[in-house]
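Analysis of the macromolecular model
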Amino acid sequence: MAQWCPKGRLFPTSLYLLLLLLFLLHLQLLAATADASQAQFCPAAETAATMIPEQKEGGDRGGACGCKVPSRGAVEKKEEEGGKDSTRTTTTKVMDGKTGVRDDMVFVEGGTFYMGTDKPIIPRDGESPRRLIHLSSFYIDRYAVTNEDFSLFINATGYRTENEIFGWSFVFDKLVSEEILNKITKAVAGAEWWVPVEGVTWRQPEGKDSDVFRTRSQHPVVQVTWNDARAYCAWAGREGGREGGGVAKRLPTEAEWEFAAGGGTGGREGGRALFPWGDKLQDERGRHRMNIWQGRFPAVNTGEDGWVATAPVDAFGAQNRLGMFNVLGNVWEWVEDSWRVEFEEGEEEGGEEEGRGRMDPCEGCEAGGGNEEKTKKGGSFLCHKSYCYRYRTAARHHATADSATSNNGASAVTPASLVMLNGHITHQQEQRRERRQQEQRRERRQQEQQEHFHTVAYAGENANKRGEGGGGGMMQVGEEEGGASAAFHDTVGMAFSRMFDACTNVVQTAETHTMQALQHMNQQLASATREKKEVEGQLQALLRVLEENKRAVLVIYEGIGGGLEEVNERGREGDLE
């Protein structure tokens, strides 16, 4: 029998206690999130990536930028002002210890798609022709490699990145502190926003006075070369996460990256849409979907999307139907392929039934690293439509394998066939098995409840007819009611768990949006303050000009008055004569 609340009382005491418990659990969750330090392991190499590439102790190196590749000697004097770091924290990701595949990797079912586009926006980059590609199934990172991920690799292996060997790298000038920027007298000719900075590494990407672990542990790692990214993936594949049992991992091929970015089978190919979600830069509510440059490049970044440099790897929400984050924008992602802009005839057309197209292509993957030009995809926070319209699925760019800049990052893949060969249960199989078990439990619970009601009805009828056996009947009914009560409590517990998860997600989303709004307001306030100072300076200059003009007018007036008096004096003298 249900009990109603007494008159004048809105909730029973138990509900108040339940709400208090929910609030305390939420506070504990927020505290745990702020101190979280769990790590993510990236996929790595299927073949040659089982060894860390040999490091070079010297040699020349061509620097790379987002859309213009500066050479080491192409520098000249500059006169630009720099800015500060972009800062923000976010939650870490969770390791799945059951398989060598991480929870934050997504399964991409193999299939056939058209790579590239017949409507290239930057034809010289080899965006066309549209060509038929067949791919095997694979797993790919849901997020880019974070600074925290990369630090685990460095601490475990003692690996020295190529920036540490060379001792310097190119940095976007607006990210460099004024103290360092004032000491720099050179810049890249034609791309003066790239300046050479000493002591730049993945941990100190803007120079020795910067440190990613102050506020950017969950931002994507930058200032890593193609060789560095490949070495990281090789290590992550051998380690296989903290639970061991690794599977081969590597950088994705360009075809795999483009197929996954578009959403895989049934997704949007590069030739059919500019972005994984369609052709419009913002969604129907006017919200930004990726981290790119807003304003006038390279002078002013308004930060309308909430960021003026890198953003956390899970910012902006999933960009495609596979649940991948920041596929476009934020940082460039290295792929395995060497750079190529011309494609053989016969690759661009033909149906699957004709046996045409290429299977699992990878351009120049048999070659080594060195200074060879390598391909990168996705664009970055420095991309703007007026200068570098490469934040599109079909867009592509290149840099030498030993180049590193403020906007180069990495992600990786694991071939699904290797996961199966190693005797692991794939993540999708595990999910399907859990769903089947949940459905079976739910069906059993419903069947037990139906049997319980039939048993109660049958026992009641027998007791009324015979007037005997009441004790045994009541015992049987009591046992059945106990089972129904347990099932009811299970159902309530599941509902409460879902409600708690939903509340947590709402709070976290609200916190994220609030932080973005506050940062945007602070940026607008800073911009308004600068404009106010500029206007005040202009007014002061105008007042000084007016004061000078006033003095000049007085001098002229006095001169004219003196001249008139002299003329009058001469006139009087003439009259007297």
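That block above? That's the structure.
1. Remarks on the overall build of the protein chain
Each helix and strand counted, the protein chain has nine helices and 16 strands in total. Counting all 577 residues of the protein chain, 43% fall into the buried class. Excluding contacts between residues fewer than 6 apart, the proportion of contacts in the protein chain whose partners are at least 24 apart in sequence is 78%.

2. Side note on the sheet that holds strand β2 (residues 105–108)
The strand order across the open sheet built from three strands is β2-β5-β16, with neighbouring strands paired in antiparallel fashion. Strands with a single pairing partner mark the edges of an open sheet, and in this sheet they are β2 and β16 (413–415). Taken pair by pair, the neighbouring strands of this sheet meet at an average axis angle of 25°, ignoring direction. As judged from the four bridges shared by β2 and strand β5 (residues 138–141), these two strands associate in the antiparallel manner. Residue pairing across strands places Phe107 opposite Tyr139, the latter belonging to β5.

3. Some remarks on the pairing of β5
Of the two faces of β5, both are covered, the one formed by Phe138 and Ile140 as well as the one formed by Tyr139 and Asp141. Note: β5 against β16, three bridges, orientation antiparallel. Following the sheet pairing, Phe138 is matched in β16 by Pro415.

4. As for unusual backbone geometry
Here the residue pair Ser128 and Pro129 is connected by a cis peptide bond, since its omega of 5° sits within 30 degrees of zero. Residue Pro298 follows Phe297 across a cis peptide bond; omega there is 0°. Within the element layout of this structure, Pro298 appears in the loop between β9 (295–296) and β10 (300–301). Positive phi outside glycine occurs at Gln223, with the angle close to 60°. Among the structural elements, Gln223 can be located in the loop between β8 (194–198) and α5 (226–239). Of note, the phi angle at Asn330 is positive, near 70°, even though the residue is not glycine. For Asn330, the position within the fold is in the loop between β10 and β11 (332–338). For Asn330, a relative accessible area of 2% gives the class buried.

5. Concerning the packing of aromatic side chains
All chains considered together, the criterion is met by 22 aromatic pairs. Ring centres 6.4 Å apart and planes at 10° place the aromatic pair Phe275 and Tyr391 in the stacked group. A residue pair is termed long-range when its members are at least 10 positions apart, and Phe275 in the loop between α6 (254–261) and β9 and Tyr391 in the loop between β13 (373–377) and β14 (397–400) qualify at 116 residues. Residue Phe275 is classed as buried on the basis of its relative accessible area of 2%. Note on Tyr391: relative accessible area 4%, which makes it buried. Three or more aromatic residues link up through ring pairs in this structure, and these residues are Phe150, Phe153, Tyr159, Trp202, Phe213, Tyr232 and Trp235. Above the plane of the ring of Trp277 lies Arg289, whose end atom (NZ or CZ) is 4.7 Å from the centre.

6. Points about the sheet that holds strand β3 (residues 111–115)
Sheet architecture is open: three strands sit in the order β3-β4-β12, paired in mixed fashion. Edge positions in the sheet fall to β3 and β12 (358–359), since each of these pairs with one other strand and no more. Across two bridges, the pairing between strand β4 (residues 131–135) and β12 is parallel. Pairing of Ile133 across the sheet is with Arg358, part of β12. Across the sheet, α6 is in contact with β3 and β4; its angle to β3 comes to roughly 95°.

7. So, the state of the cysteines
Per the stated rule, a full pass over the model turns up one disulfide. Covalently, Cys362 is tied to Cys365 through a disulfide, its sulfur atoms 1.3 Å apart. Taking relative accessible area as the criterion, Cys362 reaches 21% and is therefore assigned partly exposed. Counting only cysteine sulfurs, Cys388 is the nearest neighbor of Cys383, a cysteine outside any disulfide, at a range of 3.2 Å.

8. A few points about helix α2 (residues 147–157)
Within α2, the full set of buried residues consists of Asn147, Glu148, Asp149, Phe150, Ser151, Phe153 and Ile154. Trailing α2 by a residue or two, Gly158 shows a phi angle of about 70°, which is positive.

Each value, and the rule that gives it
Residues numbered from 1 in each chain as written. Predicted model: local features only at pLDDT ≥ 70, side-chain atom pairs only at ≥ 80, totals over all residues. Heavy atoms only, no water. Helix = DSSP H or I, 4+ residues; strand = E, 2+ residues; numbered from the N terminus. Buried < 20%, exposed > 50% of the residue type's maximum accessible area, 1.4 Å probe, protein only. Contact = heavy atoms within 4.5 Å. Pairing = 2+ DSSP bridges. Axes fitted to C-alpha atoms, helices over the stretch in contact; angles between N-to-C directions. Phe/Tyr/Trp six-rings, centres within 6.5 Å; stacked < 30°, edge-to-face > 60°. Lys NZ or Arg CZ within 6 Å of the ring centre and 35° of its normal. Disulfide = S-S within 2.5 Å.

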